[in-house]
Amino acid sequence: MGILGHLLIPIRSYRFWDMVSRQARQHVDGSERIMQDAVWKLSAAAQAEAVRGGEISAVELIDSHLERITEVNPRVNAVTQLLAEHAREAAARTDRRRASGEDLGPLAGVPFTVKECIPVEGVPTTFGTARFRNLVAPADALPVARLRAAGAIPIGHSNMPTLVLAGMHSRSELFGDTVNPWDPSRTPGGSSGGDGVAVATGMAALGLGNDSGGSVRIPASFCGVAGLKPTAGRFPADQRVLGSDDPGPASQMLVTDGPLARGIADLRLAYEALAGADRRDPRAVPAPVHGEPLPGRMKVAVVADPGGHGVHHTVHEAVTAAADALRDAGYDVREITDVPRLDEALEAYGRITVTEFAETWPVVRTLLGKDGDRYIAMAMEKTPPATAGEFMKLMGTWLGIRRSWAEFLDEYPLLLGPVFTEPPVEPGLESRDRAGRDRVGTGMRLCTVTSFVGVPGVAVPTGVIDGLPSGVQIIGRAFREDLCLTAAQEVEDRLGVLAPIDPRPAVPPTNGTPIRAARAPGGGPPTGNVAP
């Protein structure tokens, strides 16, 4: 190595720990705290750079996150199956590769959580239901394999609503409720709520969820982190988790895997690792990860109240703040009256999904646990399945709505709007009664329609209002996630990053009834099954 090389090691280490010190600075109860050993607070990019450069080992990085999980998870119940030994073994392999001089990936050593419905080799894919607690995955799901190939390490499964069907709130039959770290009386969202909480509290640098109507973007927004729903066909996947048969068209075309991160730069790293065609998924498109620059100033359409159904003033403030940030960055920001065919799209989305689901519902509802069937049952009572003729017509309507959106986004390459048109609501509101379900369905309407259209959307935080995180989403043309991420970065640069945070204790409501953090069924530790 020589004298110069030996001199560079302490210099590099000093710079690294100075970076840790700066990134680990946070305010807790009004006082500033600096923890030089809290490497879990670093961005994913900084963690990977430190591992590649030898400032820390991958094992040390994983152990730092495992300690954070031990400290925080009993309060929020986000990590369901802790993969401690698996993660340490993967980290040790990373360290051996670095020692032998191999090039490590862009996410070298970075820990990530994986939603309970996405397979991790050798670990049960439980879907949060007791019936599948021993359904051990024979192989990684394609997105898990992609993140591993980039150097990232799965550190645990994360909670979600039972079978992804029990509602928006992340409460499962097997693992119980996940708690919003900003306010235990509010839902963390879902269905990728465990990932949102894990990333927000520093238990993992990245989360891997999926989204068919807001399931990545809503928990990102409710937990104060960033999330990406990609274009349908951008990331390869395989929905054949429970058998050899492919599911129907709605499950194939609406569900997209997507990452969560504390910052947009980390989200971009995950996006680049996950994108690309794969022979195992004929739907995945070999589109360029970064498209050609668009001429002139980029136009951004702004709609704070899609469909005119009402929007909370704090959400309107968030949209306005993001619009001002983009305007300051040089974008041509224009308010518009509405997005194309929103109500028609919502109706078609509901009819198509209910029709696809109706045949299996009598069996599926038995897997959802006590009251877990209420959310879907109310949907099916409201929306009857379509006949064969009606279904064929709906498929044409679907294509027509996608065409209308393609024409709209040809004029406005980006659309800025809310993720959810209210602040985070109380846990389980959508399953309580018809009014609660309709309220939540209305709140997530822009997420639903953009999933239906298949275009990308990036959720980005905008600040804290009344003690709760606020955020927006930036939607773009198909396969132009790069434009969405660049715009979201401009918002983040001006409005800041909110996480990581320490979970806040429950505050008694005004009526004097104490609010308690949710526990796993039976009152045991809320970490769920622990995989070896």
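The rules behind each value
- Residues numbered from 1 in each chain as written.
- Predicted model: local features only at pLDDT ≥ 70, side-chain atom pairs only at ≥ 80, totals over all residues.
- Heavy atoms only, no water.
- pLDDT = per-residue confidence, 0-100.
- Contact = heavy atoms within 4.5 Å.
- Helix = DSSP H or I, 4+ residues; strand = E, 2+ residues; numbered from the N terminus.
- Buried < 20%, exposed > 50% of the residue type's maximum accessible area, 1.4 Å probe, protein only.
- Salt bridge = Lys/Arg side-chain N within 4 Å of Asp/Glu carboxyl O.
- Pairing = 2+ DSSP bridges.
- Right-handed = clockwise from strand over helix to strand, strands pointing away.
- Phe/Tyr/Trp six-rings, centres within 6.5 Å; stacked < 30°, edge-to-face > 60°.

S.K.: I keep staring at the confidence of the model for the protein chain and nothing clicks. Help me out?
M.R.: Note that predicted coordinates carrying low pLDDT should not be read in detail. Chain-level statistics for the protein chain give a pLDDT mean of 90 and a share of 88% at 70 or above. Contacts from residues 1-17, a stretch scored under 50 in pLDDT, to residues over four places away or in other chains number 13 contacts. Throughout residues 509-532 the model reports pLDDT below 50, and contacts reaching past four residues in sequence, or to other chains, amount to 48 contacts.

S.K.: Which parts of the structure should I look at to understand the side chain of serine 191?
M.R.: Mapped onto the secondary structure, serine 191 falls in the loop between strand E7 (176-177) and helix H6 (193-200). For serine 191, a relative accessible area of 3% corresponds to the buried category. When neighbours within four sequence positions are excluded, serine 191 is seen to be in contact with Lys115, Asn159, Met160, Pro161, Val164, Met168, Ser170, Asn210 and Ser215.

S.K.: I tried to follow the pattern of salt bridges on my own but got confused; where do I start?
M.R.: Pairs can form between side chains of opposite charge whenever their charged atoms are close. All chains considered together, the criterion is met by 29 salt bridges. The partner of arginine 146 in a salt bridge is aspartate 278, and the shortest N-O contact between them spans 3.9 Å. One end of the pair, arginine 146, is in helix H5 (residues 142-149); the other, aspartate 278, is in the loop between helix H9 (264-274) and strand E11 (299-302), and 132 residues separate them in sequence. Aspartate 177 serves as the salt-bridge partner of arginine 171, at 2.9 Å between the closest nitrogen and oxygen. Relative accessible area serves as the criterion here: at 15%, aspartate 177 is assigned to the buried category.

S.K.: Help me understand the pairing of strand E4 (residues 111-115) in this model?
M.R.: Strand residues, when the strand is regular, have side chains that alternate between the two faces of the sheet. In terms of burial, E4 is largely enclosed, as five of its five residues are buried. Judged by which residues are buried, E4 turns out to be covered on both faces: Pro111, Thr113 and Lys115 on one side and Phe112 and Val114 on the other are all buried. Strand direction decides the pairing type here: E4 and strand E5 (residues 153-158), joined by five bridges, are parallel. Each residue of the ladder has a partner; that of valine 114, found in E5, is histidine 157. For the crossover that starts at E4, traverses H5 and ends in the parallel E5, the hand is right-handed. The pairing of E4 with strand E8 (residues 206-211) spans three bridges and is classified as parallel. Within E8, the position partnered with valine 114 by the bridge is leucine 208.

S.K.: In this structure, what is going on with the packing of aromatic side chains? I would like to understand it.
M.R.: Ring pairs (aromatic) are described by centroid distance and by the angle formed between their planes. Scanning all chains against the criterion turns up eight aromatic pairs. Geometrically, the ring pair formed by tyrosine 349 and phenylalanine 452 is edge-to-face, given 6.0 Å between the ring centres and 65° between the ring planes. With tyrosine 349 in helix H11 (residues 342-358) and phenylalanine 452 in helix H17 (residues 445-453), this pair connects stretches of sequence that are 103 residues apart. Residues tyrosine 349 and phenylalanine 452 agree in their burial class; the two are buried. Ring plane angle 75° and centroid distance 5.7 Å describe the contact between tryptophan 405 and phenylalanine 408, whose orientation is recorded as edge-to-face.

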